[in-house]
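# Examining the three-dimensional arrangement
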Amino acid sequence: MNAFSLASATPGQTLPPRDYRVGTVQLFLYNAAIWNAHRIHYDAPYALETEQHPALVVDGPLQGDWLTQLIYEVMGSDDELIAFDYQNRLAAYLDEVLTCSGSVTRVEHDRVTFALQVSRADGRATTIAHATVRRAPRSPNP
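Residues numbered from 1 in each chain as written. Predicted model: local features only at pLDDT ≥ 70, side-chain atom pairs only at ≥ 80, totals over all residues. Heavy atoms only, no water.

### Some points on the pairing of strand E3 (residues 97–108)
To keep things clear, this is the line we draw: At least two bridges found by DSSP between two strands are what make those strands a pair. Where helices and strands are cited, they refer to DSSP runs of H or I of at least four residues and of E of at least two residues respectively, numbered from the N terminus.
Sheet analysis places strand E1 (residues 18–21) next to E3, joined by four bridges and oriented antiparallel. What sits directly across from Tyr20, in E3, is Leu98. Relative to strand E4 (residues 111–119), E3 runs antiparallel, the two being bridged by nine bridges. Pairing of Glu108 across the sheet is with Arg111, part of E4. A loop of two residues connects E3 with E4, the two strands running antiparallel in sequence, and His109 in this loop sits at a positive phi of about 55°.

Structure representation (structure tokens):
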């Protein structure tokens, strides 16, 4: 396992990656929760026949949420996510294995900046993101 410590983060250091494989129930529930009625996320005949997708489409916001989770998992309770942005670049589809990964791009004083992405099995990024975390002051060891 890739051990990562926000307290000792250095540029180039990578976050532990996470794999996701979305099923139909997760897509339906996520879209219901965010009030997204676009049928490409839950109506397979519509997605395939009308919109010409090869399968149901995984939401861009869901991928952005995964990348936010990747950051929250390395943060301490007193650290603060102060900036986050993402862009969807390619469609991702039902039952694809999608990998969330990231690396530290900059460390300046109490701020750590990350480049993040969701990738298909072939390595192509479906979503890219950037995040900046303000590290909480650390108490010196007694």
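### Notes on the environment of Val22
Applicable threshold: Every residue pair with non-hydrogen atoms within 4.5 Å of one another is taken to be in contact.
Mapped onto the secondary structure, Val22 falls in the loop between E1 and helix H1 (24–33). Sequence-wise, Val22 and Gln117 are 95 residues apart; in three dimensions their C-alpha atoms are separated by 17 Å. Ignoring any residue separated from it by four or fewer positions in sequence, one finds Val22 in contact with Leu27, Val58, Leu62, Trp66, Leu94, Asp95 and Glu96.

### Digging into unusual backbone geometry
Test applied: For the exposure calls, accessible area comes from a 1.4 Å probe over protein chains only, and a residue counts as buried if that area is under 20% of its type's maximum, exposed if over 50%, partly exposed in between.
Backbone geometry places Trp35, a non-glycine residue, at a positive phi of 60°. Following the sequence through the fold, Trp35 ends up in the loop between H1 and helix H2 (44–50). What makes Trp35 exposed here is its relative accessible area of 80%. Phi is positive for Gln52, close to 65°, though the residue is something other than glycine.

### Examining the sheet that holds strand E2 (residues 80–88)
Basically, it comes down to this: For helices, the fitted axis covers only the stretch in contact; all axes are lines through C-alpha atoms, and the angles between them, taken along N-to-C directions, range from 0 to 180 degrees.
Spatial strand order, E1-E3-E4-E5-E2: five strands in an open sheet with antiparallel pairing. What marks the edges here is a single partner per strand, and that holds for E1 and E2. With direction set aside, neighbouring strand axes in the sheet form an average angle of 20°. Summarising the sheet, E4 and strand E5 (residues 125–134) pair through nine bridges and their orientation is antiparallel. Among the inter-strand pairings, Arg111 is bridged to a residue of E5, identified as Arg134.

Take it as geometry only, folks, not as evidence of what the structure does.
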